[in-house]
Amino acid sequence: MAVEPESTAVNGRKRAQRPQRSHREVADELRHRIRSGELQPGQRMPTQAKLADEFGVERGAVRQALRILQSERLLTNVSKGSPATVASNLGETLIGPEAPPQPTTVALAPRISAAFAARHVRIDALCLTSVSLTLAMGEPLREIHAGRIEPARVDVRVLLPSRDIDLAFPTSVDPSADRRLQRRWLAQRNAQGQVLRHNLLTLRATHGIDVHVSFRALPFTPPVKLYLLNGSEALFAYYTVQRREQEVDSESLETYDTEGTQSMLFAFEQGAALRDTTFVEQSQRWFDALWETISTELLLTD
């Protein structure tokens, strides 16, 4: 009778060969080892090659798994060239789908970075401006230029408010005031979008990556922001409007506005639970419907 071959796992246990796992299954197993204390704070992880051999997956899947755990602050020093390290402050870390919401400036960048471990990166965003998204792209772009990650294709779609509508916010409290706030918002929308597009399209020339960046205009002011990553994760936040005083062209104005970079970001992962999976699927469906129906071509010009 044929005997199923065995190999030695990195922790010394014997394991039988199994069907190839997904990167999320690898992340789940490593997260369990960290939670249980099998992997201790400050301990160096096995190399990506050893983890790939243990789990029977490609190294790309291991990198995706490690970046998920890095986004949850369970691992540090995740790179292509050296083993990662278990975080030393595990008591303060974020743990998978149970992680509490955090401000966009804190939560978005590591999630975007983790998404870039995929061979085909797909990011959809609906927001008031692309400031947070542009900032969050900094880390994966540095990783690409350093040769630590190598996506083959990057597709980015961004929905932003149209320049032709009267914004609900930012706006002046006095309805008779001029449109200086809207002009300032429009300049920021265009400038950030141009930077985002330029930085991504540069990857075509520098690394031969197949990059596509598209913008479309919405006929309304979005009350929420949404980021969809590789069709498997949805990050959602409310724009909380506040009345505050701002200086515009050396004049103090009472305004209704929001701090989008500080909006609390809620994370939903496909496969984490039925509720999360449904939210991701419906969010993608909602975004696609807006993109394909009532949105229009957006030119990042005055």
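Everything here concerns the structure above.
Residues numbered from 1 in each chain as written. Predicted model: local features only at pLDDT ≥ 70, side-chain atom pairs only at ≥ 80, totals over all residues. Heavy atoms only, no water.

Here we look at the packing of aromatic side chains
Under the counting rule described, the total for this entry stands at 5 aromatic pairs. Measuring from ring centre to ring centre gives 5.0 Å for F236 and Y238, while their planes differ by 85 degrees; the resulting arrangement is edge-to-face. When the ring centre of W291 is taken as origin, the NZ or CZ atom of R157, which lies over that ring, is 5.1 Å away. (Phe/Tyr/Trp six-rings, centres within 6.5 Å; stacked < 30°, edge-to-face > 60°. Lys NZ or Arg CZ within 6 Å of the ring centre and 35° of its normal.)

A short note on the nonpolar core
Ranked by internal contacts, the top residues of the largest apolar core, which has 41 residues, are I112, F116, I123, L133, M137 and L200. The leading source of residues in this core is helix α7 (residues 180-207), at 5 residues. With sequence-adjacent residues up to four places away left out, L133 is seen in contact with L108, I112, I123, A125, V158, L196 and Y227. Residues M45, A61, A65 and L69 belong to the second largest nonpolar core, which totals 21 residues. (Core = buried A, V, L, I, M, F, W, Y, C linked by side-chain atoms within 4.5 Å. Buried < 20%, exposed > 50% of the residue type's maximum accessible area, 1.4 Å probe, protein only. Helix = DSSP H or I, 4+ residues; strand = E, 2+ residues; numbered from the N terminus. Contact = heavy atoms within 4.5 Å.)

Observations regarding the environment of A109
Assignment of secondary structure puts A109 in helix α4 (residues 104-115). A relative accessible area of 24% means that A109 is categorised as partly exposed. Spatially, the C-alpha atoms of A109 and S71 are 8.3 Å apart, while their sequence positions differ by 38 residues.

As for a nonpolar patch on the surface
Taken together, Y238, M264 and F266 make up a surface patch of nonpolar side chains, about 290 Å² in accessible area. Structurally, Y238 is set in strand β11 (residues 233-238). (Patch = residues over 30% accessible without salt bridge, like charges linked within 9 Å, V, L, I, M, F, W, Y side chains within 5 Å. Areas by Shrake-Rupley, 256 points an atom, 1.4 Å probe, with all protein chains shown as cover. Salt bridge = Lys/Arg side-chain N within 4 Å of Asp/Glu carboxyl O.)

A closer look at the sheet that holds strand β8 (residues 171-172)
Within the open sheet, the 3 strands sit side by side as β8-β13-β12. Their pairing is antiparallel. Because the sheet does not close on itself, it has two edges, and the strands there are β8 and β12 (242-248). Pairing of β12 with strand β13 (residues 251-257), which is carried by 7 bridges, proceeds in the antiparallel orientation. Paired with R244 across the bridge in β13 is T255. (Pairing = 2+ DSSP bridges.)

Some remarks on the sheet that holds strand β7 (residues 153-161)
What links the strands of a sheet is backbone hydrogen bonding, and the strands pair in either a parallel or an antiparallel sense. The sheet built from 8 strands is open, its strands ordered β5-β14-β11-β10-β6-β7-β9-β15 with mixed pairing. Both edges of this open sheet fall to β5 (102-103) and β15 (296-297), since each of them pairs with a single strand only. Summarising the sheet, β5 and strand β14 (residues 264-269) pair through 2 bridges and their orientation is antiparallel. In the sheet register, Q102 faces β14, and the bridge partner there is L265.

Focus: the packing of helix α1 (residues 23-36) against helix α3 (residues 59-71)
Two numbers describe how α1 lies on α3: the axes approach to 8 Å, and their chain directions differ by 50 degrees. Of the possible angle classes, the one that applies to α1 and α3 is oblique. Of the two possible hands of crossing, α1 and α3 adopt the one that is right-handed. Residues H23, R24, V26, A27, L30, R31 and I34 of α1 lie in contact with α3, whose contacting residues are A61, Q64, A65, L66, I68 and L69. Considering only residue class, the contact of α1 with α3 consists of 9 nonpolar, 2 polar and 2 charged. (Axes fitted to C-alpha atoms, helices over the stretch in contact; angles between N-to-C directions. Parallel < 35°, antiparallel > 145°, perpendicular 65-115°, else oblique. Left-handed = near helix turned anticlockwise from the far one by under 90°. Nonpolar A, V, L, I, M, F, W, Y, C, P; charged D, E, K, R; others polar.)

Overview of the pairing of strand β10 (residues 224-229)
Burial analysis of β10 places 6 of its 6 residues in the buried class, the great majority of the element. Taking every second residue as pointing to the same face, both faces of β10 are buried, with V224, L226 and L228 on one and K225, Y227 and L229 on the other. As paired elements, strand β6 (residues 120-126) and β10 share 4 bridges and run antiparallel to each other. The residue bridging I123 from the neighbouring strand is L229, located in β10. Between β10 and β11, which pair antiparallel and follow one another directly, the connecting turn spans 3 residues, one of which, N230, has a positive phi of 55 degrees.

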